[in-house]
Every structure is written in C-alpha cells, then in structure tokens.
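# Geometric and topological summary
Chain by chain, the residues run as shown.
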Amino acid sequence: MRLGANLVYQGAGELARAAELLDYDVVLAPEGYRSDAVSVLGLAAGATERIGLVSAVMQIPARPPGTAALTAATLDALSGGRFRLGLGVSNPDVSQGWYGVPFDRPLGRTREYVDIVRRALAGESVTYTGEHFRLPAPGAGADAPLRLTTERPHTRLPVYLAAVGPHALRLAGEIADGWLGVFTSPESVAKAVVELRAGRTRAGLGMDGFEVLPSLPTSVADDVPTAVDALREQYVYLLGIGDPARNFYCSMARQLGYEREVALLRRRLAAGDRAGAAAALPVDFIDRTALVGPVPRLAERMRAYADAGVTTLGVMVSAAATDLAGRVRILRAAARARDLAAGAR
C-alpha cells in the first residue's frame, strides 16, 4: 500500500519535498475555510519533481465545470503530468452558505460536471444540454462553446470523487478513476469497496487501476490515549460544522454507532463548552477512524486498511502537529510504519 501526505498551506512546499524524499506516492491538498486546493498544489508542483498531486477536493459548487477543467489542465501542465483531479460536492451548509449554490440532486450534478470536465480535458469543443448545466448558455453565440487550448501531456488525467453514501460510492465507481474518503475505519472501507465495485461493474469495468484513497488524521505517541488527545480538536471542528442533521462527519459517526456521543458533543458545543465537546468523543471512536499510537501499531493498522482494499492511504498531519518540524516527524513515522507493514507481509 502506498502513502499520501495531506498538505496544509503553511509550509506546503517544504512538506511536499519531505514527502517526496520519503517516497510518498502523492500529496493531497484539501479545500475549505482555511485555504483552497489549487494555490497549495501550484506551490507543491514547483517545489517537487516526481510526486503526484491530488486535489482533495476541489469543491464542485466553487467552480463552473469549465473553470475546473482549465485549472486541472494548468496544474497538469505545470507539474509535467502529475496532477489528479479530486472533486466533491461538499455538504449542504458549505454549498449553500459559503458558495451560494443549491445542494439539491448532488448525484445528477456530479455526473454532468464530470462529463463536461472530461470532455474539455480531452480537447473537445463542448456543447452540453443537461438538467444542471447548459453550454453555451441560452442566447450565446455560435463561437461560445468551451474548448481548452492548454498545452499539457497527452495522457488521460485521472478524476477522483469524494463520496460517502452508497449511491455516491456507486457513482464514483462508475464514472471516476478513484475514490477519496475521510475518517473511515477498515470495516467501513471494506463496505465502501463493495459499492465502488458495483459501480465499476455497471460501467463494465473492474477494480484494477481504481484508486481507493482514504485520508486519516495521524498522531504518533507511545500510547493510544495520548495520541488520541492530540486529534480531539480536529474532530470537534469537523463534527461541529453546520447542521448536525446534514453534517457528513456526524452521519459517518452515527453509522459507526456513536449517535449518543455526537448528540452530546453538539449540545456541549451549543453551550459554548468546547473542551467538554472534545471530551465527549470516546477514545475508540477516534482510534477506529485515525492512525494513532507508536510506529508498530501504525503498521498494524496500515495492514488492516490494505486488507480492506485501500491502495493509497492519506496521512493527515495538521491536527497533531502545529509546525513544520512536527509534521515532518509524523510523515517519517508513517513512512517507517509503511516499510514495517510491507516487511511483515
């Protein structure tokens, strides 16, 4: 199993170089309230030579499909063909509150969006009449269709999709080249792979070459409880976004059996008790959805994820370390665990 390093914008170039030297397969850049993925990956492209670059994810409501295709083509050209386009619809609160874009029928919107992006990246002159997108817009002239002229390597640019529910996972298997997951256990990955395979079958394809790439918060310490404590604030932040009924992270926690804990966390957050909200999270919940503990235990967990079907495991370093040196230490520990896990097979 390969490793990916999740970047943050602070020190992104240095962290990407460190990941490349440690033989990580890819670096991934998220997109949210702190930074966009494109700027971070542009910096990483200039700071590295070989490592793959993944947007994890460029948010669909943030850009028209033509802009996403142009951005992907540019990053691919700048990096010499190393870019992989990760896309996701985000969640209702972010889509509507941050981008001002309706969240209705996200699966249909994603299907059309990916279709337009792929056709544009293939160099086609794109006209499109869908339920969600029309190109050119009504009333536009005949010379208006989208067509990219970016000079980039003549390779098929992989498209990955972030997905949570079974229908979204099947769609990812059907129309994408990989799946991007977050905060998931080996058991949940195995269930996701079943849905992904169903989507691949629907498209007449197998799983060979399909990327299964979940990213996990990673914290290295001599014992599990200490490592878990370093991740609590990150979990509180993500579980606290928007309406708990629509928050994907809350939904995933409930699916794992932590409905009461999520409810308690949200009550304490609403009361302004952030420390109490963090304390509401059981050690075993974070342990199931993260890489925590000493290096041999990380290796054991990596083997479990590989057995579940993971092809590349993303290492998220920003929650447990606040500076570049600490983040590089986590990458080194994860690389040692990778090598230990490989040697044990």
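Structure report, in brief. (Residues numbered from 1 in each chain as written. Predicted model: local features only at pLDDT ≥ 70, side-chain atom pairs only at ≥ 80, totals over all residues. Heavy atoms only, no water.)

### Quick notes on the side chain of Arg-82
Selection criterion: By the criteria applied, helices consist of DSSP H or I runs no shorter than four residues and strands consist of E runs no shorter than two, each listed in order from the N terminus. Working definition: with a 1.4 Å probe on protein chains only, accessible area under 20% of the residue-type maximum means buried, over 50% means exposed, and in between means partly exposed. His is not counted here, nor are the chain ends, while Lys and Arg score as positive and Asp and Glu score as negative. For this document, the term salt bridge refers to a Lys or Arg side-chain nitrogen within 4 Å of an Asp or Glu carboxyl oxygen. Whenever two N or O atoms come within 3.5 Å, that pair is a polar contact, provided that in protein one can donate a hydrogen and the other can accept it, and provided that, for residues adjacent in sequence, both atoms are side-chain atoms. Contact criterion: two residues are considered in contact whenever any of their non-hydrogen atoms come within 4.5 Å of each other.
With respect to the element layout, Arg-82 can be found in the loop between helix H3 (65-78) and strand E5 (83-88). Buried charge without a partner: Arg-82 forms no salt bridge, and the closest opposite charge is Glu-20, 4.5 Å away. Within polar-contact distance, the side chain of Arg-82 engages the backbone oxygen of Ser-79 at 2.8 Å. Discounting residues that sit within four places of it in the chain, Arg-82 has contacts with Glu-20, Ala-45, Thr-48, Glu-49, Arg-50, Ile-51, Gly-52, Leu-53 and Asp-76.

### Looking at the packing of helix H5 (residues 106-121) against helix H6 (residues 166-175)
This is how it is decided: To get an axis, fit a line to the C-alpha atoms, keeping to the stretch in contact for a helix; angles then go from 0 to 180 degrees between the N-to-C directions. Roughly parallel covers angles under 35 degrees, roughly antiparallel covers those over 145, roughly perpendicular covers 65 to 115, and oblique covers all other angles. Here a crossing is called left-handed whenever its near helix is offset anticlockwise from the far helix by less than a right angle, and right-handed whenever the offset is clockwise. Charged means Asp, Glu, Lys or Arg here, nonpolar means Ala, Val, Leu, Ile, Met, Phe, Trp, Tyr, Cys or Pro, and polar covers whatever is left, Gly included.
One can describe the packing of H5 onto H6 by two numbers: an axis separation of 11 Å at closest approach and a directional angle of 15 degrees. Taken together, the axes of H5 and H6 lie roughly parallel to each other. Regarding H5 and H6, the two cross each other, and that crossing is right-handed. Contact with H5, carried on its side by Leu-107, Thr-110, Arg-111, Val-114 and Arg-118, involves His-167, Ala-168, Leu-171, Glu-174 and Ile-175 of H6 and no other residues of that element. Class assignment for the residues of the contact of H5 with H6 results in 5 nonpolar, 2 polar and 3 charged.

### Observations regarding the pairing of strand E1 (residues 2-6)
Cut-off, in case you're wondering: Strands are treated as partners if at least two bridges between them are detected by DSSP.
By the criterion of burial, E1 is predominantly enclosed, with 4 of the 5 residues buried. Sheet topology places E1 next to strand E12 (residues 312-316); 5 bridges connect them, and they run parallel. Its bridge partner lying in E12, Asn-6 is registered against Met-316. Summarising the sheet, E1 and strand E2 (residues 26-29) pair through 3 bridges and their orientation is parallel. Counted as the bridge partner of Ala-5 is Val-27 from E2.

### Quick notes on the packing of helix H7 (residues 186-202) against helix H14 (residues 295-308)
The angle between the axes and the distance between the axes are what describe a pair of packed helices. Contact pair H7 / H14: the axes reach a minimum separation of 8 Å and the direction vectors enclose 15 degrees. By the criterion of interaxial angle, the relationship of H7 to H14 is roughly parallel. For the pair H7 and H14, the crossing hand works out as right-handed. Of the residues in H14, those touching H7 at Pro-186, Val-189, Ala-190 and Val-193 are Arg-301, Ala-304, Tyr-305 and Ala-308. Across the contact of H7 with H14, the residue classes break down as 7 nonpolar, no polar and 1 charged.

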